[in-house]
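# Summary of the model geometry
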Amino acid sequence: AESDGNAAFADASRLPERDLAAAVDVVVAVGGDGTLLHAARHVAGRDVPLLGINRGRLGFLTDISPEHMLQTIDSILAGDHIAEQRAMLAAKLGGQSGIEALFALNDIVLQKGETGRMLDFTTVVDGVYVNTHRGDGLIVATPTGSTAYALSCGGPIIQPNVNALVMVPICPHTLSDRPIVLPSSSTVRVSLERDAHGPAHVVCDGEALAKVSAGQTLTIGLATQTVTLLHPREYNYYELLRSKLNWGRANRDRTSPRG
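Residues numbered from 1 in each chain as written. Predicted model: local features only at pLDDT ≥ 70, side-chain atom pairs only at ≥ 80, totals over all residues. Heavy atoms only, no water.

### Description of the sheet that holds strand β9 (residues 164–170)
Adjacent strands of a sheet form backbone hydrogen bonds with each other and so pair up, either parallel or antiparallel. Condition: A pair of strands is treated as paired once DSSP finds two or more bridges between them. Counting from the N terminus, the helices are DSSP H or I runs at least four residues long and the strands are E runs at least two residues long. Only the stretch in contact is used when a helix axis is fitted, and all axes are lines through C-alpha atoms; the angle between N-to-C directions ranges over 0 to 180 degrees.
The strand order β10-β9-β8-β5-β12-β13 describes an open sheet built from six strands, whose pairing is antiparallel. Strand pairing shows two members of the sheet lacking a second neighbour, β10 (180–183) and β13 (207–212), which therefore form its edges. For this sheet, the mean angle separating the axes of adjacent strands, direction not counted, is 20°. In this sheet, strand β8 (residues 137–141) lies alongside strand β5 (residues 107–111) in antiparallel orientation, the contact comprising five bridges.

### Structural notes on the side chain of Asp107
Condition: Exposure categories follow from relative accessible area, calculated using a 1.4 Å probe and restricted to protein chains: below 20% of the type maximum is buried, above 50% is exposed, and the middle band is partly exposed. His residues and chain termini do not enter the charge count, which takes Lys and Arg as positive and Asp and Glu as negative. Note on definitions: salt bridges are taken to be side-chain nitrogens of Lys or Arg within 4 Å of carboxyl oxygens of Asp or Glu. The contact definition used throughout considers only heavy atoms, calling two residues in contact when any of these lie within 4.5 Å.
As for its position among the elements, Asp107 is in strand β5. In this structure Asp107 is buried but unpaired, with Arg41 as the nearest side chain of opposite charge at 8.4 Å. Ignoring sequence-local partners within four residues, the contact set of Asp107 consists of Leu89, Ile139, Val140, Ala141, Gly145, Ala148, Tyr149, Val203, Cys204 and Asp205.

### Some points on the nonpolar core
Definition in use: In these notes, a set of buried Ala, Val, Leu, Ile, Met, Phe, Trp, Tyr and Cys residues joined through side-chain atoms within 4.5 Å is what counts as a nonpolar core.
By size, the foremost hydrophobic cluster in this structure holds 25 residues, and its most contacted members are Ile108, Leu110, Val202 and Leu218. Contacts of Leu110, omitting those with residues within four sequence positions, involve Leu119, Phe121, Asp136, Gly137, Leu138, Ile170, Val190, Leu192, Ala200, His201, Val202 and Val212. Of all hydrophobic cores here, the second largest spans 18 residues; its members include Ala21, Ala44, Ala90 and Leu105.

### Considering the environment of Met88
Inspection of the secondary structure puts Met88 in strand β3 (residues 82–93). Spatially, the C-alpha atom of Met88 lies 7.2 Å from that of Val227, the residues being 139 residues apart in sequence.

### Digging into the pairing of strand β6 (residues 119–125)
Within β6, seven of the seven residues are buried, which leaves the element mostly enclosed by the surrounding structure. Side chains Leu119, Phe121, Thr123 and Val125 project from β6 onto one buried face, and the interleaved Asp120, Thr122 and Val124 project onto a second face that is buried too. Turn length for the β6-strand β7 (residues 128–135) hairpin, with the two strands adjacent in sequence and antiparallel, is two residues, and the turn residue Asp126 shows positive phi of about 50°. Taken together, the five bridges between β6 and strand β11 (residues 187–192) define a ladder with antiparallel strand orientation. Following the sheet pairing, Val124 is matched in β11 by Arg189.

### Some remarks on the pairing of β7
Regular strands show a simple pattern: their side chains alternate between the two faces of the sheet. For β6 and β7, the ladder comprises seven bridges, and the chain directions are antiparallel. Its bridge partner being in β7, Thr123 is matched across the sheet by Asn131.

### Some words on the pattern of salt bridges
On inspection of all chains with the given rule, the structure shows five salt bridges. Linking Arg233 and Asp80 is a salt bridge whose minimum nitrogen-to-oxygen distance equals 2.9 Å. Linking Arg233 in the loop between β14 (217–231) and α6 (237–244) with Asp80 in the loop between α4 (69–77) and β3, this pair joins segments that are 153 residues apart in sequence. Given the relative accessible area of 45%, Arg233 is considered partly exposed. On the basis of relative accessible area, Asp80 is assigned to the partly exposed category, the value being 37%. Here Lys112 and Asp136 are joined by a salt bridge, their closest N and O atoms 3.4 Å apart. Of this pair, Lys112 sits in the loop between β5 and β6 while Asp136 sits in the loop between β7 and β8, and the two are 24 residues apart along the sequence. On the basis of relative accessible area, Lys112 is assigned to the partly exposed category, the value being 26%.

Below is the structure:
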């Protein structure tokens, strides 16, 4: 079976993933949302659209089901699709040379590195001090990422075409420390307090890509790069929310008690 599988791809060219977007017209991500998020960083700014086949659990972004895959891909390649530009985030870590900008489609997260310890950090938006926080960390999310980690921490759902970002504390020690919706043009600076217990992790779309030490500053803002997602013509954002978040399911599935 293995030899047959290899024979089927005998004429296929293999490229490192970092070089793939420069050599193709469209990228198809087969997997869960994490797979598509990983692919998004490679196509960002290259004008190469991305579509996702859902083989994961939730499938907010990979919205094409496997049973409809072949028919849907044929239609999309024929031009029958919806193309949607999604904003991305970029982050830079101050005080360290040689670290390239970090990119994310969903969110950039500052989170504690040591279990059982809280982070102490301050936030500044567009040069104006916002707050000094204590908790497990902070999420800065795009509208695309508003239905991911930010949602589980109490953040709002933001439609993808709204020009906004959301800043969400993770398990804040002060319960009044709430999510804030910001203009998409905002620049967020997060500084780790000097008495922090070890470095914090910078996590971009679920992948830990850097560490922040006490006294360093992480700067997060909208990236110049965007990602183009391709959807089937019948794609409907509200229908997607109803399906993935099980809105109204309890009412639809409820049956009358029987005597």
